[in-house]
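Notes for the structure review
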Amino acid sequence: MSHGHHHIIPFQTLTKVFIGLVALTILTVITARLDFGPLNFLHVPIAIGIAVIKTMMVVLYFMGLKYDNRVNGLTFGIGTIFVLVFIVITLFDTAFRGDLGNVDTETIMDRQREEQLLQQREPDPDALRVAPGAAAAPDTAAATDS
Amino acid sequence: MNNGSAWLPEQASTLAPEIDALFYFVKWVSLVIFVGVVAAMLYFMFKYRRRDAAERPVPVKESKLIEISWVVVPTILVLIVFVWGFQGFIKLNVAPPEAYQITVRAKKWLWEFEYPNGTTTVGEVHVPVGRPVRLNMSSEDVLHSFFVPAFRVKHDVLPNRYTSVWFEATRADTFQVFCTEYCGTQHSGMLAKVIVHPEAEFREWLNSGGGNFDEMPLPEYGAILYQQQSCNACHSIDGSSGVGPTFQGLYGAERRFADGSTAVADDNYIRESILQPQARIVEGYPGVMPASYGSLNERQLSALIAFIQQQQ
Amino acid sequence: MSATAKATAAPAAHQGASYNYLNHDKSVWSWLSTVDHKRIGVMYAFTLAIVFLVAGVLAILVRTELYAPGETIMGPDAYNQTFTLHGIMMVFLFLVPSIPAILGNFVLPIQLGAKDVAFPRLNLASYYIYLIGGVLVVSAIIFGQVDTGWTFYTPYSSDGGSAVIFMTLAIFIAGFSSILTGINFIVTIHKMRAPGMTWNRLPLFVWGLYATSIVQVLATPVIGITMLLLLLERVLGIGIFDPALGGDPILFQHFFWFYSHPAVYIMILPAFGIISELIATFSRQRIYGYKAIALSSVAIAMLGFLVWGHHMFVSGQSAVSAVIFSLITYLIGIPSGIKVFNWVATMYKGSIWLQTPMLYALTFLFLFTIGGLTGIMVGVLAVDVHLHDTYYVVGHFHYVMMGGTVMALLGGLHYWWPKMTGKMYNETAGKIAVALIFIGFNLTFFSQLILGSQGMPRRYYDYIPAYTGLHQVSTIGSYILAAGLFLVLFYLLWSMFKGARAPANPWGAATLEWTHCTSPPDPHNFHHTPLVTRGAYDFHLADEVFGAQSGDGAGDGAHAPARLAGDGRVAEPQ
Amino acid sequence: MATTTATTADAPAHEHAHHPPHLQHHFVSSEQQFDSAKLGMWLFLITEILLFSGMFVAYTVYRVWHPETFTAASAFLDWRLGGLNTLVLLFSSYTVALSIHYAQKDRLDRTFWMLVITLACAGVFMIVKAFEYGGKFAEGVFPGEAFDPVGHYAPLADIPYARQFFSIYFVMTGIHGFHVLVGMGIFLWLLFRVRRGDFNSEYYTHIELAGLYWHLVDIIWIFLFPLLYLIGHGGGGH
Ligand code: HEA
Ligand code: HEA
Ligand code: CUA
Ligand SMILES: [Cu+2]
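Cut-offs applied
Sequence positions are assigned chain by chain, starting from 1 and proceeding in written order. Working convention: letters from A go to chains and numbers from 1 go to ligands, in the order in which they are written. Two thresholds apply to this predicted model, a pLDDT of at least 70 for residue-level local features and 80 or more for giving and counting side-chain atom pairs, whereas whole-chain, interface and lining totals are computed over all residues. Excluded from the side-chain calculations are hydrogens and water; all other atoms, namely the structure's heavy atoms, are used. Each helix is a run of H or I in the DSSP string that is no shorter than four residues. Each strand is a run of E no shorter than two, and both are numbered from the N terminus. Whether a residue is buried, partly exposed or exposed follows from its accessible area with a 1.4 Å probe, protein chains only, as a fraction of its type maximum: under 20%, in between, or over 50%, in that order. Between two residues, a contact is recorded if the distance between any of their heavy atoms is within 4.5 Å. The accessible surface values rely on the Shrake-Rupley method and a 1.4 Å probe; as for residues, cover is taken only from the protein chains in view. To obtain each axis, a line is fitted to C-alpha atoms, and for helices this fit is confined to the stretch in contact; angles are then taken between N-to-C directions over 0 to 180 degrees. Geometric relationships in this document are graded by angle, where less than 35 degrees denotes roughly parallel, more than 145 denotes roughly antiparallel, 65 to 115 denotes roughly perpendicular, and other angles denote oblique. Left-handed describes a crossing whose near helix is turned anticlockwise from the far helix through less than a right angle; right-handed describes the clockwise counterpart. In this text, near means that some heavy atom of the residue lies within 4 Å of the molecule or strand in question. A 3.5 Å cut-off defines polar contacts: any pair of N or O atoms within that distance qualifies, except that in protein one atom must be a possible hydrogen donor and the other a possible acceptor, and neighbouring residues in sequence count only when both atoms are side-chain atoms. Basically, the charged four are Asp, Glu, Lys and Arg, the nonpolar ten are Ala, Val, Leu, Ile, Met, Phe, Trp, Tyr, Cys and Pro, and anything else, Gly included, counts as polar. Under the convention used throughout, the expected extent of a helix is 1.5 Å for every residue step, that is, one less than its residue count. One fitted axis covers the seven residues ending at a residue, a second covers the seven starting there, and the bend at that residue is the angle between these axes. Any two strands between which DSSP finds at least two bridges are classified as paired. Nitrogen, oxygen and sulfur within 2.8 Å of a metal are treated as its donors, or within 3.2 Å for sodium, potassium and calcium (Na, K, Ca); water is not counted, so a site can appear incomplete. By definition, a salt bridge exists where a carboxyl oxygen of Asp or Glu is found within 4 Å of a side-chain nitrogen of Lys or Arg. It is the directions from the helix axis to the C-beta atoms that the arc portrays. Confidence per residue, as judged by the predictor, is encoded in pLDDT with a range of 0 to 100. Accessible-area loss on putting two parts together, using a 1.4 Å probe and summing over both, is the definition of buried area adopted here.

Here we take up the overall build of chain A. Counting its secondary structure elements, chain A contains six helices and one strand. When the helices and strands of chain A are listed from N to C terminus, the series reads α-α-α-β-α-α-α. Out of the 146 residues in chain A, the part that is buried amounts to 43%. For chain A, contacts bridging at least 24 residues in sequence account for 48% of all contacts bridging at least 6. Of the roughly 7,700 Å² of accessible surface on chain A, 68% is carried by carbon and sulfur atoms.

Structure (structure tokens):
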């Protein structure tokens, strides 16, 4: 019974991967704390990008997927794809909620909170009319008053 | 169901014919496919029935053409239906900007409607004929759903968020409203009526603040309120127990409360029960009666009390 | 020791299997602690039959209450709990496990030519985990009432009675059982096939279970986390789903349906597999479009993950997602159609034998096509606005679940009954039952399709008088249906004691469990690991089915069964 | 029945000359048994991933809805502790990978020590977490309705949806922490079995599987760390 084909991942490889992971962790912290000015929106993609690279390193070397049966890799791949499906398709709803105008984008709580804030800041009742979001469903704002 | 067909109920909104056309298109296509499948099945079943136990048929060669056709034809059909259904969906959801607006509040287990001039009704909504109407809805507790079969409209009513439906009624009549999102004990009792008036009549109704009941004797007015305010969702008048105690024999009876105390159900007690339902909870019942009846005016209260007094 | 076992087993096989998995050890403990996939399958069969019976009786109570408007036999709260319990038990405790756990467990390893599933102890564990889930459901009933509907929509479920906690836990735990079965099957199919059993030779039941298992593994964890979050919402008020705390109830619906739509394919895909077996065997014809049927199962499994929002067209989700969900919903109709058409085509120029299992298969074709096409109807965006949450939907899903999956389960149960028990059921009784079930079913649920399109909402304890007539038809239909099912229960039980002894291959089928196994099978399934040389439905190559002493089964002792038929019932292939 | 293998597993005994003690009767070879176990483990891992996916969905949805809340609330998490825990977990992943490496080379003594280090790292991780949780509970930062921040956390009270952020934080890290605890249990059991001499270079399946599980726990944390701890510190705001 030979286990010959069970690839033994060399000590050096494992150590290099570990050092790489530590380096990337430090990189994540640094990039997250840097101010990119107008490019600040890049924080999230960078953080996720680094996390993905780290994951790949763990999966390929620590978990040995690089040397493993193709089925196991496929399994992992399909699993990840469905996580993405779950997130992305749910976002198609939550990010576009109310796109036909018959569902209010804002919750009633938020709306009330906003009105309160506006009232505190500016006693002029006209300001209510230009409140963001009120334009989407002007009627409902009136409804909450009653 | 007057003027409805075997499958669909009466049509009473501008969008209903369009949706029905789509329904019937899908139905007929389905029927053709279904009959085709079953006919082939029955025919083979008869034609190739086993006559001899030793039969050993030769495998049939698969035909690419047939296989492609039964992929392509359904694909085309569903694409047609998709585009059509999509267009209808957009129409159903996008209210014309000039629509007449009514605010709807749903709660366990009644519908409350408020018109722009402040008039409110419970359990029935009055709308003008031939004019788009938009209902801006929200719920005070759980999910509900506003459904008028004759108009083919439906939309969920959510707590903490406004949603809306719109319709344009084509005929003056009364139509059934259902709650179609499960909301507890009296889900099936959470009904209402859409009362469609000709434009002039509607304006008159609205200006009179929701009908002229001033002349009516109190008990009769009370009977109307009993329906309108949805007391009937929870209180019966035939002695059977619902969510709340029955009104039959209530007046003058001695009541026991959850805290052990008792009282006689006189005018004041009933008044309190309506205005502050949580003040004293009748033994054996949950304290779920809505506190929102505080907006009833004196005459309405008297009417209800008179009505309850009659139920002996 | 091993020598004696062999010595007694081998000759016994020739005499019609007196040494088999049922009688090699009869103690109760040997059953409760068994890791034999066949015994676990049988234990599941008993347990699930009880669950089905209880849930079915609840359905009959529901129907009886709806016989007339107003209170008929119970009050509104009792009614709401009854349909909730009916839905939960039918879906989570009965239909999701049903075919894989009973027939899958019993048949899958044998069809692959394996001695057992890859992880036999895990298999037993999954049974006990399932039992724990069942016990929790029962405690939910004892400790309180659950009246949320099987969908648990928030906020109703997050501030209702406290028994909801038991129920969510029960579903969480039953989910584990389902996951373990799924993992076990996938590994078994990948790693345990007998020599020569290539992917293209796999019986289609195996393909169906394979696709099912993929869905089980990918979707079930999500119901787990959903139930966990719901539980936390109830206990701690974490504010993710509860609008009173700023949460979003529609998000809960996404979570719920991300599992529960794929779950309907967990229910139907194994049924597809059974139907393929039945139609091929009883038409004695190579299945038409083998690859198309096999791969369409996998396609449905995958596409099934992309359509969950079609349950939410009027919930307030965005139109963008409604459109995507609707489009993909239709796309599922296409692989489903491929299957239906291929099954019908398989009958073409076959040799069709109308035994009870085949009648169930034909019933399935009839009912599932209606169920599927009504599914297309409710997938139409504009039309679903009218039909959503009416009895049309109730009709649709009973046509696919009861008319689809349960018919296939019954067909499969009759088909493998001789193999599982070693006894033949009564064919005449079988045919009468099919007729009762077919008539009763259509009366019950076709009237619901009409009711629904007329506007009758679901989950209604009471209804307006206009709907009375159709409700009465439906109720009467359900009694006929119940009579049919009780007849099945009765004659199956009867056959266990009084039935004629089953030959090894009463149907002249060509898959391994029939050609290489005794009825009932040996504890180790085969005496020798089989060598597979042809496809599962290559009847023209299957000499062993027709009695010729050739092929890989030679000398096995378990084959050439038809000629062993002593009871004259199956004077089949000569 | 697995336990009666010896009595009834006649057929395989004939078919395979070599029959190591760990080989279960229904497998043809150790190879098949190992591959099956590993595929089973990978399948289990994707169920774990999908279990967490639900929480990532909740995270994403609320983050897209209330980005300012997330940035503001995240600033109340200590990234140093999170960072420390990241390094601890990475190191434990490394040692668990080494333990397999040594098992494959029949250096079971080293395997043992590597597992000890892994277990210790897991312990450190949990202790750090306990400090984090404790600090928050002390000042009213609870998941759910009990959320009532005071003291250092008081400003959170004015941030709408901060409760949601912390609910998600607690649920995600809580379930992750639960997995760490389970992992610790597994490692203890493995240590015992290694000591007992159950494993060798021919048969180390359980270590391999535990390793896979542990790496997954690590991977989840690789995502949790930046998503929860680091979003509040960008833009030089703090
Ligand atoms: C076994 C279970 C099962 C199965 C297999 C299906 C299959 C399908 N279901 Fe069903 N469904 C349920 C169980 C199931 N469903 C349940 C339980 C609910 C309600 C849940 C609740 O709310 O409580 C539900 C609800 C439900 C809804 C929501 C309705 C609503 O609440 O408003 C929708 C909407 O799209 C839908 C669609 C479909 C479609 C398109 C299919 C397709 O897979 C069907 C595909 C099959 C065919 C189409 C037939 C064969 C094809 C041909 C003969 C070829 C010709 C075809 C074409 C030209 C298209 N289903
Ligand atoms: C597997 C799925 C399944 C099955 C098989 C059934 C079977 C039946 N269902 Fe059910 N049903 C659901 C799943 C199912 N249902 C779900 C998910 C809901 C939604 C719940 C909700 O809204 O939350 C629902 C809701 C539902 C309603 C709507 C309630 C409402 O909205 O108010 C109705 C009403 O008629 C109904 C009726 C029936 C009937 C008459 C049967 C009959 O077919 C039952 C017949 C069965 C028997 C009478 C038992 C006999 C059994 C034996 C004798 C055992 C024999 C054993 C063997 C042969 C092995 N069901
Ligand atoms: Cu309100 Cu149902
Ligand atoms: Cu669905």
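With that out of the way, let us pick up the packing of helix α5 (residues 79–104) of chain D against helix α6 (residues 108–138) of chain D. Residue and element names in this part refer to chain D. Direction vectors running N to C along α5 and α6 enclose 165°, while the axes themselves pass 8 Å from each other. Taken as axis vectors, α5 and α6 run roughly antiparallel relative to one another. The chirality of how α5 crosses α6 is left-handed.

Residue and element names in this part refer to chain C. If you check the shell around ligand 2, you find 37 residues, and the closest are R63, Y79, H86, H398 and R459. Y391 places a side-chain nitrogen or oxygen 3.3 Å from an oxygen atom of ligand 2. Between R459 and ligand 2, the recorded distance is 2.6 Å, taken from a backbone N or O atom to an oxygen atom. Going through the elements one at a time, α3 (37–65), α4 (76–112), α13 (391–421), α14 (427–453) and α15 (468–498) are the ones with two or more residues in the shell around ligand 2. Its residues placed into classes, the shell around ligand 2 shows 27 nonpolar, seven polar and three charged.

Positionally, M347 of chain C belongs in helix α10 (residues 319–347). Judged by its relative accessible area of 0%, M347 of chain C falls in the buried class. Those residues in contact with M347 of chain C, other than ones at most four positions away along the chain, are M41, F44, M45 and Y48 of chain B together with I279, S283, I352, M358 and L362 of chain C.

What follows is about helix α3 (residues 30–65) of chain D. The terminal C-alpha atoms of α3 of chain D, which comprises 36 residues, lie 52 Å apart, in line with the 52 Å expected from a rise of 1.5 Å per residue. Of all the bends found along α3 of chain D, the most pronounced is centred on S53 of chain D and spans about 25°.

Our focus in this paragraph is the sheet that holds strand β5 (residues 133–139) of chain B. Pairing within the open sheet is mixed, and its six strands lie in the order β1(A)-β8(B)-β5(B)-β1(B)-β2(B)-β3(B). Lying at the two open borders of the sheet, with one neighbouring strand each, are β1 (103–107) of chain A together with β3 (120–122) of chain B. Looking at each pair of strands side by side, their axes are set apart by 20° on average, direction ignored.

A few words now on the coordination of the copper ion (ligand 4). Residues and elements named next belong to chain C. Within the protein, H261 (ND1), H310 (NE2) and H311 (NE2) serve as the donor atoms for the copper ion (ligand 4), at 1.8 to 2.1 Å. All donors to the copper ion (ligand 4) come from one chain, and their sequence spacing reads H-x48-H-H. H310 sits in the buried class, given a relative accessible area of 15%.

In this section: the interface of chain D and chain C. Facing the 44 residues of chain D at the interface are 48 residues of chain C. Inspection of the chain D/chain C interface yields zero salt bridges. Between the two partners, chain D and chain C, sit 10 residue pairs in polar contact (both at pLDDT 80 or more). Among the elements of the structure, α1 (5–8), α2 (10–15), α3 and α7 (162–196) of chain D are those that each provide at least two residues to the side of chain D that touches chain C. Counting residues per element, the side of chain D that touches chain C draws most heavily on α3 of chain D, which supplies 20 residues. For the side of chain D that touches chain C, the per-class residue count stands at 25 nonpolar, 14 polar and five charged.

All names here are of chain D. Residues of helix α4 (residues 67–74) that are buried include every one of T69, F70, A73 and S74, and no others. Seen from one end, α4 has its buried residues packed into an arc of 115°, which puts them on one side. At its buried positions, α4 is contacted by α3, α7 and α8 (205–229).

Atom-level detail of predicted coordinates should not be read off regions where pLDDT is low. All names here are of chain C. Within chain C, residue pLDDT values average 89, and 92% of them lie at 70 or more. Taken as a whole, residues 1–17 scores under 50 in pLDDT and shows 26 contacts with residues more than four places along the chain or in a different chain. Note that pLDDT drops below 50 for residues 548–574; the model gives that stretch 59 contacts with residues more than four away or on any other chain. With pTM at 0.88, the complex prediction returns an ipTM value of 0.87.

Moving on to the interface of chain C and chain B. Contact with chain C, which involves 97 residues of that partner, is made by 76 residues of chain B. Of the roughly 7,400 Å² buried between chain C and chain B, counting both surfaces, carbon and sulfur atoms make up 69%. Counting every contact that joins chain C to chain B gives two salt bridges. Among the ionic pairs, R161 of chain B bridges to D248 of chain C, the shortest N-O distance being 3.9 Å. The interface formed by chain C and chain B holds 28 residue pairs in polar contact (both at pLDDT 80 or more) in total. Broken down by class, the residue content of the side of chain C that touches chain B amounts to 59 nonpolar, 25 polar and 13 charged.

Next up on the list: the site of ligand 1. By nearness alone, 32 residues border ligand 1, and Y265, D384, H388, H396 and R458 of chain C come closest of all. More than one chain reaches ligand 1: its neighbouring residues belong to chains B and C. Measuring from an oxygen atom of ligand 1, one finds a backbone N or O atom of G379 of chain C at 3.4 Å. The side chain of D384 of chain C places a nitrogen or oxygen atom 2.5 Å from an oxygen atom of ligand 1. Where the shell around ligand 1 is concerned, the elements lending two or more residues are α2 (64–93) of chain B together with α8 (249–283), α10, α11 (356–379) and α13 of chain C. Here the residues of the shell around ligand 1 sort into 18 nonpolar, 12 polar and two charged.

Inspection of every chain in the model, using the stated rule, returns 30 salt bridges over all chains. Across the pair E132 of chain D and K129 of chain D runs a salt bridge whose closest N-O atoms are separated by 3.2 Å. Of the two residues, E132 of chain D and K129 of chain D both sit in helix α6, three residues apart, roughly one turn of that helix. Residues E132 of chain D and K129 of chain D agree in their burial class; the two are buried. Each member of the salt-bridge network shares a partner with another, and the members are R105, K107, E112, E114 and E140 of chain B.

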